[in-house]
4 protein chains.
Amino acid sequence: MASSDQGSKQLSVAIVGGSGYAGGEFLRLALGHPHLKVTQVTSERSAGQPVALVHPNLRGRTNLKFRKAAELEEADIIVLALPHGSAAGRITEFEGKGRVIVDLSADFRLKDPEVFRQAYGEAHPAPDTLGNWVYGNPELHREELRTATRIACAGCFATSVILALYPLLKLGVLLPKDIIATGLVGSSAAGASSSDASHHPERAGSLRVYKPVGHRHTAEVQQELPGHFPIHLTAISTPRVRGILSTIQAWIPDGYSDRDVWSAYREVYAAEPFIRIVKVARGIHRYPDPMLLDGTNYCDLGFEMDMDSGRVVLMSAIDNLVKGTAGHAIQCLNIAHGWEETTGLEFAGLHPA
Amino acid sequence: MASSDQGSKQLSVAIVGGSGYAGGEFLRLALGHPHLKVTQVTSERSAGQPVALVHPNLRGRTNLKFRKAAELEEADIIVLALPHGSAAGRITEFEGKGRVIVDLSADFRLKDPEVFRQAYGEAHPAPDTLGNWVYGNPELHREELRTATRIACAGCFATSVILALYPLLKLGVLLPKDIIATGLVGSSAAGASSSDASHHPERAGSLRVYKPVGHRHTAEVQQELPGHFPIHLTAISTPRVRGILSTIQAWIPDGYSDRDVWSAYREVYAAEPFIRIVKVARGIHRYPDPMLLDGTNYCDLGFEMDMDSGRVVLMSAIDNLVKGTAGHAIQCLNIAHGWEETTGLEFAGLHPA
Amino acid sequence: MASSDQGSKQLSVAIVGGSGYAGGEFLRLALGHPHLKVTQVTSERSAGQPVALVHPNLRGRTNLKFRKAAELEEADIIVLALPHGSAAGRITEFEGKGRVIVDLSADFRLKDPEVFRQAYGEAHPAPDTLGNWVYGNPELHREELRTATRIACAGCFATSVILALYPLLKLGVLLPKDIIATGLVGSSAAGASSSDASHHPERAGSLRVYKPVGHRHTAEVQQELPGHFPIHLTAISTPRVRGILSTIQAWIPDGYSDRDVWSAYREVYAAEPFIRIVKVARGIHRYPDPMLLDGTNYCDLGFEMDMDSGRVVLMSAIDNLVKGTAGHAIQCLNIAHGWEETTGLEFAGLHPA
Amino acid sequence: MASSDQGSKQLSVAIVGGSGYAGGEFLRLALGHPHLKVTQVTSERSAGQPVALVHPNLRGRTNLKFRKAAELEEADIIVLALPHGSAAGRITEFEGKGRVIVDLSADFRLKDPEVFRQAYGEAHPAPDTLGNWVYGNPELHREELRTATRIACAGCFATSVILALYPLLKLGVLLPKDIIATGLVGSSAAGASSSDASHHPERAGSLRVYKPVGHRHTAEVQQELPGHFPIHLTAISTPRVRGILSTIQAWIPDGYSDRDVWSAYREVYAAEPFIRIVKVARGIHRYPDPMLLDGTNYCDLGFEMDMDSGRVVLMSAIDNLVKGTAGHAIQCLNIAHGWEETTGLEFAGLHPA
């Protein structure tokens with residue numbers, strides 16, 4: 001796509017599946033984006049109702065009503081915020097409606113249909129189309145995103161892990177030993193549909209290991225990271241609503257130190273607008289903490305070394321719905337249209353929060 | 001009932017509707033009660049499953065499995081923990097199974113069928129039986145409870161309000177002006193079934209006024225309290241799972257003071273094992289706080305006066321599932337069987353919690 | 001002040017007492033405000049340190065460091081974010097530094113020194129200056145604010161109560177009976193200094209009545225509201241960090257109804273950019289809830305009537321640090337400088353949150 | 001000590017340092033223990049005040065007042081609940097006061113003074129006495145505890161890790177590869193003193209990595225576990241008040257499976273009254289969760305295997321103040337006096353909680 005779209009003209013956006021949390025968050029961000037104009041939001045369940053009834057933070061911000069997906073009309077950008085597995089089988093239907101398609105689900109993230117089959121337990125319904133999609137992670141794929149018209153937004157847990165590891169693996173700062181990533185995940189990551197597991201009395205005080213092994217994001221982490229290191233994911237739900245904190249245990253070669261980790265992050269991320277290295281010697285906020293990131297597009301990264309063992313503990317925090325989903329998507333769209341990369345993503349986060 | 005049941009023999013208990021929170025809490029308390037032996041627990045939804053699957057705190061504490069209510073056999077005590085409106089129509093069915101029946105729902109609390117109709121929106125299915133039931137509040141009905149075989153357990157919000165007001169209304173320490181009770185209620189009060197409203201991301205940070213006017217417990221509060229003062233209830237859900245804190249705004253006659261409130265509470269509640277007056281001049285825990293009561297059968301009461309206006313603010317805290325439901329029921333059973341009134345209700349509560 | 005300041009020139013802002021929550025929140029908002037440029041932030045305790053060390057949400061957003069108040073230099077706007085009682089005695093010192101002064105404390109809110117003495121327990125140190133200040137509530141004092149150079153920002157609990165009651169009292173929709181306001185308040189309202197009462201294990205699960213009677217905001221509520229109705233405030237701390245939910249119990253004359261409350265709100269607030277009436281018949285978010293307002297400048301108002309008793313329950317929710325403090329101040333500054341009133345206050349709030 | 005103390009005679013207990021959370025929890029448990037009678041509780045800060053002022057859950061449960069440690073008189077059992085480093089230098093002072101001494105701090109856990117020096121940064125003040133102490137973990141040291149008069153209670157994070165790993169290391173079910181333990185810890189673990197880090201607004205929503213490397217409990221974990229495997233600890237604070245959830249990543253030899261882990265746990269823990277294996281195929285509570293353990297002495301253990309990689313994820317949950325401190329101590333005392341091991345530790349925990 002050309003990088004000359006910077007005029008005041010707004011591009012029209014249709015959000016398919018806008019009653020969920022990912023779609024709602026994209027809607028919130030797009031409503032505040034100067035170059036985007038949301039013209040359609042679909043929801044089968046809430047068709048006919050004002051979007052503000054489902055997303056009450058948008059009261060007074062929009063008069064849009066949900067329509068059924070069957071009523072979808074053309075738009076410059078189609079954002080698919082459907083449950084995993086729902087978009088892939090219908091992708092040609094959506095491709096007829098808009099030039100740029102952003103998918104927030106896992107349907108188009110993996111390049112290899114066989115890897116998809118293993119991770120998601122069934123054959124991909126449109127394997128031939130997988131090559132058309134760019135993995136929606138600006139820090140790794142900025143150049144491809146500049147001309148992308150198919151963007152498969154990265155998974156939230158995967159994003160926190162990939163962004164922490166990428167510079168170190170790229171620059172060879174880690175040993176080829178097993179890497180362990182433990183993700184503490186907020187309840188919004190499981191979506192907007194209620195269930196026994198999400199019932200407040202069962203969940204409010206819980207620290208629940210919901211995926212000790214076999215997390216599906218392993219596949220995209222392995223696809224995106226250089227080298228062929230074994231990477232193991234464990235996911236635990238916490239009492240927070242938003243946010244992911246990943247702690248990642250890895251190993252550094254003899255002779256390497258803190259300084260090499262610093263250097264790698266600086267070298268790779270120096271110009272990144274949404275990556276902050278948080279490693280502070282004083283005060284109470286010394287490392288990344290999702291508490292500070294609700295509503296923001298930051299990925300905060302930190303680390304600490306155990307020189308005796310060569311172990312390095314990486315820490316990575318994001319808001320799962322922003323940098324983990326909808327904000328990441330906006331950032332990709334900004335790149336794809338040549339807009340200032342931070343447009344619509346300026347919120348600094350709250351303190352206290 | 002005789003007061004001579006104090007031997008080591010245990011009475012058998014059947015809990016009907018034991019997969020909910022009220023039934024589960026009664027089960028927990030009964031398992032630790034030396035004179036009770038739970039022999040049956042019913043659940044239509046979970047029939048055949050171990051009760052510890054639904055109530056995981058009871059792992060290793062019981063091997064009981066749920067059965068269907070249709071399989072209910074005789075027991076000394078039948079505890080009905082069904083949704084409101086479910087027990088009344090089937091009460092003769094249960095009366096054939098046990099001598100003592102305790103109902104934890106609202107079905108038999110109101111004496112006047114017409115009041116029931118207004119509060120619950122439909123005619124009572126067994127109006128002639130209402131006179132057989134004792135309202136299950138030991139502080140007001142201890143003597144009746146000694147011989148009771150039908151106990152209709154008091155409502156949780158109602159209990160917190162009644163216990164705070166009863167001594168003051170009985171002894172004429174309040175003016176006949178409108179009384180306002182605001183209840184802050186934990187999420188467990190809405191029961192064990194998940195819903196959109198109880199979905200963790202929608203509820204965790206919420207302060208939700210769910211019943212600003214028209215709360216059904218108004219009827220039992222008015223029935224139980226002396227005088228005919230207008231009493232108004234507002235209920236707000238909080239991020240806590242358990243607990244109710246009621247603040248009650250009332251008015252004191254000229255010439256009355258703090259001291260008269262103290263005296264009234266002391267006179268009426270001096271011998272009560274589960275009422276504590278909490279009004280402390282130092283420290284950080286000066287008034288009743290449900291934080292300290294999870295799992296206990298206490299009702300903590302406090303108050304403060306505004307001498308300029310004659311306003312008195314009463315504060316009342318309980319665990320809605322214990323003093324508000326199952327613990328209250330156990331206390332009633334202890335009285336009805338002549339057992340030490342605190343039996344099975346000894347837990348002191350945690351600090352910090 | 002002229003309404004012609006709309007050019008791109010930024011006014012310089014000095015924040016005195018910027019390490020607390022009110023000052024930090026003003027800083028966050030001012031950093032995103034196109035017409036403001038924060039040039040100085042003072043803190044005695046943290047002088048010399050980067051502001052982002054104390055307000056970690058501002059990492060990467062500003063390179064400002066705290067200085068001591070003694071080093072304060074001139075600025076177009078001086079924002080005083082000092083503890084209550086600290087600004088009044090030193091006000092001439094600050095008046096020499098800037099043309100416009102905004103005070104976020106309670107020091108200049110009350111017009112009558114005698115009322116101040118009663119509410120705050122000591123004589124006002126500069127009673128002659130009280131007449132210079134405009135009470136910083138745009139909904140009540142917009143016209144005065146247009147030319148104001150001394151703005152005394154409204155108290156947070158007071159704001160939630162005043163905004164709910166003002167239209168109804170102004171238009172005579174309420175009876176002259178006792179009004180009861182119960183405020184559920186987040187922990188940030190007590191400030192940034194740690195204490196035994198704010199220690200997480202003592203506070204996290206607490207519902208703590210901290211001001212059952214005698215709340216100091218009563219004075220400003222009575223000053224600002226028309227009529228001389230008796231108004232009674234009770235304040236309870238909740239597990240939330242931000243936010244106030246006030247429920248207000250009042251009385252409506254015979255023959256009045258819901259519709260009259262609607263009309264009053266519409267008539268008075270129709271053009272208000274930050275007042276929303278929230279009273280929805282469907283869904284789970286039917287009334288105002290502070291959960292939805294973190295970081296926003298909204299005041300959401302709702303109500304429900306009990307036609308039998310003539311009681312109306314008003315509900316009012318704000319973020320205590322935004323509409324209750326720093327956002328309110330920004331809104332006042334926007335008015336005083338003729339800027340678009342919503343400038344810098346566009347954040348919509350999060351859902352889920 | 002003899003195992004014939006089972007009579008009704010109660011042993012006197014003095015708690016030194018009873019205003020903290022460990023001492024307060026021991027007090028709560030001891031007040032409910034039929035063979036213990038707490039006769040003294042010391043606190044320098046609160047001397048002269050009722051213990052219920054500091055531990056408000058004990059209102060109505062005890063009339064004890066704090067005294068200064070200098071006023072300590074003899075007792076059958078002395079429980080030291082002092083800050084780490086405070087007991088070791090004064091141990092002879094306490095040894096003169098009672099026959100049995102239980103220390104809840106880290107002062108006497110390590111056998112090797114050099115290991116102590118490395119872990120705690122200073123020389124042990126009484127290195128010659130270290131051999132007198134039994135490490136207070138019943139599952140590993142029950143036989144020694146039967147005759148112990150000096151019991152050094154195990155650390156809370158250490159306990160959760162040791163109990164999960166001990167059977168597997170003892171029976172050779174793990175490979176000698178790096179073991180990673182990630183502990184999610186409640187705020188009570190940092191003690192009862194307030195600080196900036198524990199200030200509610202800074203802590204309530206936080207997921208804070210407070211010890212990514214270099215956790216002091218590493219020393220006692222390594223001392224207690226068989227073999228010389230490298231074990232790495234990372235500690236993260238969560239919004240909970242109580243509880244620890246440890247997830248432990250370890251490696252299983254080829255040819256081993258789930259079944260071998262089951263067997264090891266069963267073989268070693270079959271008769272343990274406070275160990276439960278939680279690994280359930282249905283429902284929402286499938287693995288250990290500290291939510292269910294508040295107030296209980298259980299250690300719940302679970303695990304899951306990734307057969308592809310040979311990785312096993314162990315999960316271990318406790319209440320840090322009960323099985324992690326005071327309950328563990330009571331269990332040790334029960335063993336040392338020949339009492340039923342579960343005496344005073346019967347609380348089942350709450351659901352919901």
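See the structure shown above.
Let me begin by describing the structure that accompanies this report. Remember, it's a predicted structure, so these values are computed and weren't measured experimentally.

Basis of the calculations
Residues numbered from 1 in each chain as written. Chains lettered and ligands numbered in written order. Predicted model: local features only at pLDDT ≥ 70, side-chain atom pairs only at ≥ 80, totals over all residues. Heavy atoms only, no water. Helix = DSSP H or I, 4+ residues; strand = E, 2+ residues; numbered from the N terminus. Buried < 20%, exposed > 50% of the residue type's maximum accessible area, 1.4 Å probe, protein only. Contact = heavy atoms within 4.5 Å. Areas by Shrake-Rupley, 256 points an atom, 1.4 Å probe, with all protein chains shown as cover. Lys, Arg positive; Asp, Glu negative; His and termini not counted. Charge placed at Lys NZ, Arg CZ, Asp CG, Glu CD. Core = buried A, V, L, I, M, F, W, Y, C linked by side-chain atoms within 4.5 Å. Polar contact = N/O pair within 3.5 Å; in protein donor to acceptor, adjacent residues only side chain to side chain. Phe/Tyr/Trp six-rings, centres within 6.5 Å; stacked < 30°, edge-to-face > 60°. Lys NZ or Arg CZ within 6 Å of the ring centre and 35° of its normal. 1 Å grid on protein atoms, 1.4 Å probe; cavity = no way out; pocket = protein on both sides within 12 Å on 5 of 7 lines; lining within 4 Å. Points joined across faces, edges and corners; volume = space filled by probe spheres on them. Nonpolar A, V, L, I, M, F, W, Y, C, P; charged D, E, K, R; others polar. Buried area = accessible area lost by both parts, 1.4 Å probe.

### Structural notes on the overall build of chain A
Line of reasoning, step 1. Each helix and strand in chain A was counted, giving 10 helices and 14 strands.
Line of reasoning, step 2. When its C-alpha atoms are laid out on the principal axes, chain A stretches across 60 × 45 × 40 Å.
Line of reasoning, step 3. Every one of the 353 residues in chain A was classed for burial, and the buried ones make up 66%.
Line of reasoning, step 4. Considering only contacts in chain A between residues 6 or more positions apart, those separated by 24 or more positions represent 71%.
Line of reasoning, step 5. By element, 48% of the accessible surface of chain A is carried by carbon and sulfur atoms, the whole surface being about 11,700 Å².
Line of reasoning, step 6. Charge-centre separation for chain A: the mean point of 34 positive side chains lies 5 Å from the mean point of 38 negative side chains.

### Thoughts on the nonpolar core
Line of reasoning, step 1. Among the nonpolar cores identified, the biggest contains 96 residues, and Phe26(B), Ile77(B), Val102(B), Phe26(C), Ile77(C) and Val102(C) are the most heavily contacted of them.
Line of reasoning, step 2. Residue contacts for Phe26(C): discarding those within four places in its chain leaves Val13(C), Ile15(C), Val79(C), Ala326(C), Ala329(C), Ile330(C) and Leu333(C).
Line of reasoning, step 3. Listed in part, the 95 residues of the second largest apolar core include Leu29(A), Val13(D), Ile236(D) and Ala326(D).

### Some words on the side chain of Glu272(A)
Line of reasoning, step 1. Within the secondary structure, Glu272(A) is located in the loop between helix H9 (258–269) and strand E12 (275–277).
Line of reasoning, step 2. A polar contact is formed between the side chain of Glu272(A) and the side chain of Arg142(A), at a distance of 2.7 Å.

### Overview of the packing of aromatic side chains
Line of reasoning, step 1. Taken as a whole and judged by the stated rule, the model has 26 aromatic pairs over all chains.
Line of reasoning, step 2. Ring geometry for Tyr265(B) versus Tyr269(B): centroids 6.1 Å apart, planes at 10 degrees, classification stacked. A residue pair is termed a helical-turn pair when its members lie 3 or 4 positions apart in one helix, as Tyr265(B) and Tyr269(B) do in helix H9 (residues 258–269) at 4 residues. The two residues Tyr265(B) and Tyr269(B) agree in class, both being buried.
Line of reasoning, step 3. Taken together, the ring pairs in this structure connect Trp262(A), Tyr265(A), Tyr269(A) and Phe303(A) into an aromatic cluster.
Line of reasoning, step 4. Sitting above the plane of the Trp251(B) ring, Lys177(B) keeps its charged end 4.0 Å from the centroid.
Line of reasoning, step 5. The cationic tip of Arg276(C) hangs over the ring face of Tyr298(C); the distance from NZ or CZ to the ring centre is 3.6 Å.

### What about the environment of His199(C)?
Line of reasoning, step 1. Mapping His199(C) onto the fold places it in the loop between strand E8 (179–185) and helix H7 (200–203).
Line of reasoning, step 2. What makes His199(C) buried here is its relative accessible area of 2%.
Line of reasoning, step 3. Contact partners of His199(C), with chain neighbours within four places excluded, come to Tyr21(D), Gly191(D), Ala192(D), Ser193(D), Ser194(D), Ser195(D) and Ser198(D).
Line of reasoning, step 4. One polar contact links the side chain of His199(C) to the main-chain carbonyl oxygen of Gly191(D), over a distance of 2.9 Å.

### Comments concerning empty space enclosed by the protein
Line of reasoning, step 1. Following the criterion strictly, the structure yields 3 cavities of 30 Å³ or more and no others.
Line of reasoning, step 2. For the largest cavity, the calculated volume is near 1,200 Å³.
Line of reasoning, step 3. Lining the largest cavity are 44 residues, with Pro239(A), Ala204(B), Pro239(B), Pro239(C) and Pro239(D) positioned closest to its centre.
Line of reasoning, step 4. Counted by class, the lining of the largest cavity contains 24 nonpolar, 8 polar and 12 charged residues.

### Focus on the interface of chain B and chain C
Line of reasoning, step 1. The interface is formed by 45 residues belonging to chain B together with 45 residues belonging to chain C.
Line of reasoning, step 2. Here chain B meets chain C over a buried area of about 3,700 Å², counting both sides, of which 66% is carbon and sulfur.
Line of reasoning, step 3. Where chain B meets chain C, there are 18 residue pairs in polar contact (both at pLDDT 80 or more).
Line of reasoning, step 4. Of all elements in the fold, only strand E8 (179–185), helix H7 (200–203), strand E9 (208–211), strand E10 (231–237), strand E11 (244–251), strand E13 (299–306) and strand E14 (311–318) of chain B reach the threshold of two or more residues within the side of chain B that touches chain C.
Line of reasoning, step 5. Each residue belonging to the side of chain B that touches chain C can be placed in one class, and the counts come to 23 nonpolar, 12 polar and 10 charged.

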